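What follows is the residue order along each chain.
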Amino acid sequence: MQDVTYRRPATVQEASQLLKDNGPTARVLAGGTDIIVMARERRRDTSMFVDVKAIPELNQLSFSASEGLTVGAAVPCYRIYRDETVSRLYPCLVDSTSLIGGTAIQGRASLGGNLCNSGPAGDSIPSMIVLEGEAHIFGPNGWRTVKVEDFCTAPGRNVLDAGELLVSIKFPAPRPGSGARFLRFIPRNEMDIAVVNSATNLTLDGNTVTHARIAIGAVAPRPLFVPAAGEALVGRPLTDETTAAAATASRDAATPIDDMRGSVRQRKHLSYVLTERTIRDAARRARGEIVSHV
Amino acid sequence: MSSRVIINTTINGEPMEFLVDERDSLLEALRERIGLTGSKEGCNNGNCGACAVIMDGRLVNSCCVMAAEVQGANITTVEGLATGGELTPLQDAFLEDAALQCGICTPGFLVASKALLDFNPNPSEYEIRYWLAGNLCRCTGYDKIIRAVQHAATQMRA
Ligand SMILES: Cc1cc2nc3c(=O)[nH]c(=O)nc-3n(C[C@H](O)[C@H](O)[C@H](O)COP(=O)(O)OP(=O)(O)OC[C@H]3O[C@@H](n4cnc5c(N)ncnc54)[C@H](O)[C@@H]3O)c2cc1C
Ligand code: FES
Ligand code: FES
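About the criteria used
- Residues numbered from 1 in each chain as written.
- Chains lettered and ligands numbered in written order.
- Predicted model: local features only at pLDDT ≥ 70, side-chain atom pairs only at ≥ 80, totals over all residues.
- Heavy atoms only, no water.
- Helix = DSSP H or I, 4+ residues; strand = E, 2+ residues; numbered from the N terminus.
- Rg over C-alpha atoms; globule rule 2.2 N^0.38 Å.
- Buried < 20%, exposed > 50% of the residue type's maximum accessible area, 1.4 Å probe, protein only.
- Areas by Shrake-Rupley, 256 points an atom, 1.4 Å probe, with all protein chains shown as cover.
- Contact = heavy atoms within 4.5 Å.
- Near = heavy atom within 4 Å.
- Polar contact = N/O pair within 3.5 Å; in protein donor to acceptor, adjacent residues only side chain to side chain.
- Nonpolar A, V, L, I, M, F, W, Y, C, P; charged D, E, K, R; others polar.
- Salt bridge = Lys/Arg side-chain N within 4 Å of Asp/Glu carboxyl O.

1. Considering the overall build of chain B
A count of helical and extended segments in chain B gives 5 helices and 5 strands. Start at the N end of chain B and walk to the C end: the helices and strands fall as β-β-α-β-β-β-α-α-α-α. A compact globule built from 158 residues should have a C-alpha radius of gyration of about 15 Å, and chain B, at 16 Å, falls within 12% of that. Considering only C-alpha atoms, chain B reaches an extent of 50 × 30 × 25 Å along its principal axes. Relative to its full complement of 158 residues, chain B shows a buried share of 52%. A total accessible area of about 7,200 Å² is found for chain B, and carbon and sulfur atoms account for 48% of it.

Next up, the structure:
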């Protein structure tokens, strides 16, 4: 390991000060499943770990009908998928958190870490985008909020400025008649990085779509919100044709690369297929059916 | 510059005080500072599960935890499974079912399986496979491990 020091601030003010005073090599430590490995392998120059898990706001997991869901940035996946309210109202977050790594990774890995790591394939990010997640950030200039779809800017890069940290992600209460679904394609059943992933959140009035948000991942330098895909559905009945139009919009928005995990052609195709499948499952959830996360 | 810090934790039921370097992982601290070498280093990057321990009731990979983080925590390593030289039903089942060959993965599988059975005493085969997906074994082909966990679960419920 590099020559790192360890700090465990108790407040967001203290954490921000440490990050500001120690410059870009002072790294926030949440679950450590990305940053400890990257620091050890010298993929990130690191002089200090600022462990944010003693800060109450980053450990919060709470819901109210008026405020919606607040997920502290450091809350580990297992707390999210074992939470009864999250399972009932935000099953799409269960889809994501129950397939990030294996059990031991889920014991530590957080939504905040997944978002701040800002990988194009981050498996919680499409879900947070379609659920209208809002990132609450604290820094030297106080508080600000950024929509999750605007948070990541390029592989490993995001909107956080010097001294800023992500404190929580807030989601509005689900709209009546809505359902959301996340799916990822990997060559095995678990423990791999997405070739493509996708999430859909839609609201139905009878069979008419009244609201829809669709996102895809691992097909662009950052997780992609695809407004055109949602627009292909809104105001129309949910049919094979409208579903195909939305899936086509996803495929058109994808600008993937070829790498060892998949080719451009396969990723384009998967953007279509996964969008189609998440729309179908989201609609089932919107109608009150139980769609298991696996 | 990293410095030495004193850590107070409970390990396998015993309060412990020891000195670590701020840059040590929990795995390094267990193996090199405390001499608990049951937890193994396979990959050192979170992928193999050979270093798994239970920390405050949840399964974690100790190579992905900093030693300085465990101040006040309660940790169970593979050394904490057997009491007074008596193997647990889970360990017995691994032997009976020949769920190991070279054995490097075994401490991780035992700890992960213990965490599973603590949480769910009656897991389905699917649930066992899903729970253990983060533990790699290059020798056994997994089937014998799954069978051992099923047998241990049956035994423990009896
Ligand atoms: C074996 C293994 C399997 C994995 N599988 C998956 C997978 O299937 N899908 C997937 O998406 N990812 C996967 N990952 C990657 C990783 O587990 C996730 O990205 C995880 O969500 C990161 O969360 P963390 O809390 O561990 O983050 P950390 O490692 O603590 O932090 C990640 C990054 O974000 C920064 N950061 C963290 N919190 C904040 C904050 N509050 N404010 C500002 N910056 C912050 C850190 O400084 C660091 O740069 C895997 C990793 C491993 C080792
Ligand atoms: S050594 Fe820790 S997961 Fe492989
Ligand atoms: S017994 Fe050799 S790796 Fe599992």
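2. Description of the environment of A39 of chain A
All names here are of chain A. Its place among the elements puts A39 in helix α2 (residues 35-40). A residue is classified by how much of its surface remains accessible, and A39, at 0% relative accessible area, is buried. Between the C-alpha atoms of A39 and V4, which are 35 residues apart in sequence, the distance is 9.0 Å. The residues contacting A39, other than those within four sequence positions of it, are M1, Q2, R44, T46 and F49.

3. Overview of the site of ligand 1
Surrounding ligand 1, one finds 32 residues, the nearest of these being V28, T33, D34, S110 and D123 of chain A. Neighbouring residues of ligand 1 are distributed over chains A and B. One nitrogen or oxygen atom from the main chain of L99 of chain A is found 3.3 Å from an oxygen atom belonging to ligand 1. Within the side chain of R184 of chain A, a nitrogen or oxygen atom sits 2.8 Å from an oxygen atom of ligand 1. Compared with its free state, where it exposes 990 Å², ligand 1 has 91% of that area covered by protein. When residues of the shell around ligand 1 are traced back to their parent elements, those giving at least two are β2 (26-29), α7 (111-117) and β10 (165-171) of chain A. With 4 residues, α7 of chain A is the largest single contributor of residues to the shell around ligand 1. In terms of residue class, the shell around ligand 1 is made up of 15 nonpolar, 12 polar and 5 charged.

4. A look at the pattern of salt bridges
Inspection of every chain in the model, using the stated rule, returns 25 salt bridges over all chains. The partner of R23 of chain B in a salt bridge is D3 of chain A, with the nearest N and O atoms 3.9 Å apart. Of this pair, R23 of chain B sits in the loop between β2 (14-21) and α1 (26-33) while D3 of chain A sits in the segment before β1 (5-7), each in a different chain. Taking the relative accessible area as the measure of exposure, D3 of chain A reaches 29% and is therefore partly exposed. Salt bridges sharing common partners tie together D95, R181, D281, R284, R285 and E289 of chain A.

These figures capture arrangement, not role.
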